[in-house]
Amino acid sequence: MKDDFKQITTAQLLSNLYLIKAITIALICAVTLLLSMAIFGMATKEDNGTFVALFVVGVSCGAGLPLQFINMKKIKAELESRK
């Protein structure tokens, strides 16, 4: 995977880095919103089926966050090696 970044120009790497950061921020916001709604709903409502499903979806979406951070770290390392 590291060899893939060596074939990409610096401008493309910077563009990919900014795009991954934007996607990560949006994903963090969405996961936070989903989990907060699910926890609030499970705590205050009697019918928990919908909120349990919402909680599972939030946790599942959060599973992609470490991959985004790993990709950002690899791109930053490649950019540092080019300086």
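First, a word on scope: everything that follows refers to the structure included in this document. (Residues numbered from 1 in each chain as written. Predicted model: local features only at pLDDT ≥ 70, side-chain atom pairs only at ≥ 80, totals over all residues. Heavy atoms only, no water.)

So, on to the overall build of the protein chain. The number of helices and strands found in the protein chain is four helices and zero strands. Secondary structure of the protein chain in N-to-C order comes out as α-α-α-α. A compact globule built from 83 residues would reach a C-alpha radius of gyration of about 12 Å, whereas the protein chain, at 18 Å, exceeds it by more than 25%. By principal-axis analysis of the C-alpha atoms, the protein chain measures approximately 55 × 20 × 15 Å. Split into buried and exposed, the 83 residues of the protein chain put 20% on the buried side. For the protein chain, restricting intrachain contacts to residue pairs at least 6 apart in sequence, the fraction spanning at least 24 positions comes to 70%. Total accessible area on the protein chain is roughly 5,800 Å²; 68% of this is exposed by carbon and sulfur atoms. If the 9 positive side-chain charges of the protein chain are averaged to one point and the 6 negative ones to another, these points end up 10 Å apart. (Helix = DSSP H or I, 4+ residues; strand = E, 2+ residues; numbered from the N terminus. Rg over C-alpha atoms; globule rule 2.2 N^0.38 Å. Buried < 20%, exposed > 50% of the residue type's maximum accessible area, 1.4 Å probe, protein only. Contact = heavy atoms within 4.5 Å. Areas by Shrake-Rupley, 256 points an atom, 1.4 Å probe, with all protein chains shown as cover. Lys, Arg positive; Asp, Glu negative; His and termini not counted. Charge placed at Lys NZ, Arg CZ, Asp CG, Glu CD.)

A pair can form between side chains of opposite charge whenever their charged atoms are brought close. Per the stated rule, a full pass over the model turns up two salt bridges. Salt-bridge contacts for Glu78 lead to Arg82; the nearest nitrogen and oxygen are separated by 3.1 Å. With a gap of four residues between them, Glu78 and Arg82 both fall in helix H4 (residues 65-82), about one helical turn apart. Relative accessible area serves as the criterion here: at 4%, Glu78 is assigned to the buried category. Taking the shortest distance from any N to any O, the salt bridge between Lys83 and Glu80 comes out at 3.6 Å. (Salt bridge = Lys/Arg side-chain N within 4 Å of Asp/Glu carboxyl O.)

Moving on, we get to the nonpolar core. Core analysis: the biggest nonpolar cluster contains seven residues, these being Phe5, Leu13, Leu17, Ile20, Met72, Ile75 and Leu79. Among the secondary structure elements, those contributing two or more residues to this core are helix H2 (10-44) and H4. For Met72, the contacting residues outside a window of four places in its chain are Leu17, Ile20, Lys21 and Thr24. (Core = buried A, V, L, I, M, F, W, Y, C linked by side-chain atoms within 4.5 Å.)

The analysis is restricted to geometry; functional conclusions fall outside its scope.
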